[in-house]
Amino acid sequence: MADDKTLRSPQDSSLIAMGEDYEVAYWTDKFGVSREELADAVKAVGNSAEAVWQHLKQ
């Protein structure tokens, strides 16, 4: 039986891949932010999930 591809989490949970819609959906839900807020945070501090989280908490 095939895996349910709608229930995906990031391949590398330490990085945020803005080019993958399922990863953007995962991180926006996890952090409780919009796609634009997530993109702005990644642009400001890079794609490290920890760095983005710290930036969003400010």
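Residues numbered from 1 in each chain as written. Predicted model: local features only at pLDDT ≥ 70, side-chain atom pairs only at ≥ 80, totals over all residues. Heavy atoms only, no water.

## Some details on the overall build of the protein
And step 1. Summing up its helical and strand segments, the protein has three helices and zero strands in all.
And step 2. Put simply, the protein runs from its N terminus to its C terminus through helices and strands in the order α-α-α.
And step 3. Contacts spanning at least 24 positions in sequence make up 22% of the contacts within the protein whose residues lie at least 6 apart.
And step 4. About 4,200 Å² of surface is accessible on the protein, with carbon and sulfur atoms providing 48% of the total. (Helix = DSSP H or I, 4+ residues; strand = E, 2+ residues; numbered from the N terminus. Contact = heavy atoms within 4.5 Å. Areas by Shrake-Rupley, 256 points an atom, 1.4 Å probe, with all protein chains shown as cover.)

## Digging into the packing of aromatic side chains
And step 1. The full count for this structure, using the stated rule, is three aromatic pairs.
And step 2. Ring geometry for Tyr-26 against Trp-27: centres 4.9 Å apart, planes inclined by 85°, an arrangement best described as edge-to-face.
And step 3. With a relative accessible area of 28%, Tyr-26 lands in the partly exposed category.
And step 4. Taken together through their ring pairs, the aromatic side chains of Tyr-26, Trp-27, Phe-31 and Trp-53 make up a single cluster. (Phe/Tyr/Trp six-rings, centres within 6.5 Å; stacked < 30°, edge-to-face > 60°. Buried < 20%, exposed > 50% of the residue type's maximum accessible area, 1.4 Å probe, protein only.)

## With respect to the nonpolar core
And step 1. With 10 residues, the main nonpolar core is built from Ile-16, Val-24, Trp-27, Phe-31, Val-33, Leu-38, Ala-41, Val-42, Ala-49 and Val-52.
And step 2. The set of elements that each furnish at least two residues to this core consists of helix H1 (21-31), helix H2 (35-45) and helix H3 (49-57).
And step 3. Apart from residues no more than four positions distant in its own chain, Val-24 is found in contact with Ala-17, Met-18, Arg-35 and Leu-38. (Core = buried A, V, L, I, M, F, W, Y, C linked by side-chain atoms within 4.5 Å.)

## Quick notes on the pattern of salt bridges
Any two side chains of opposite charge can pair, so long as their charged atoms come close to each other.
And step 1. This structure, assessed with the given rule, holds one salt bridge.
And step 2. Across the salt bridge formed by Asp-21 and Arg-35, the nearest N and O atoms sit 3.6 Å from each other. Taken together, the positions of Asp-21 in helix H1 and Arg-35 in helix H2 put the pair 14 residues apart, joining distant regions of the chain. (Salt bridge = Lys/Arg side-chain N within 4 Å of Asp/Glu carboxyl O.)

## Overview of H2
And step 1. Within the span of H2, buried status applies to Leu-38, Ala-41 and Val-42. Buried residues along H2 cover an arc of 100° about the axis, so they all sit on one side. Those residues of H2 that are exposed and aimed more than 90 degrees away from the buried face are Glu-36, Asp-40, Lys-43 and Ala-44.
And step 2. Contact partners of the buried residues in H2: H1 and H3.
And step 3. Downstream of H2 by one or two residues, Gly-46 has phi in the positive range, about 95°. (Arc of directions from axis to C-beta.)

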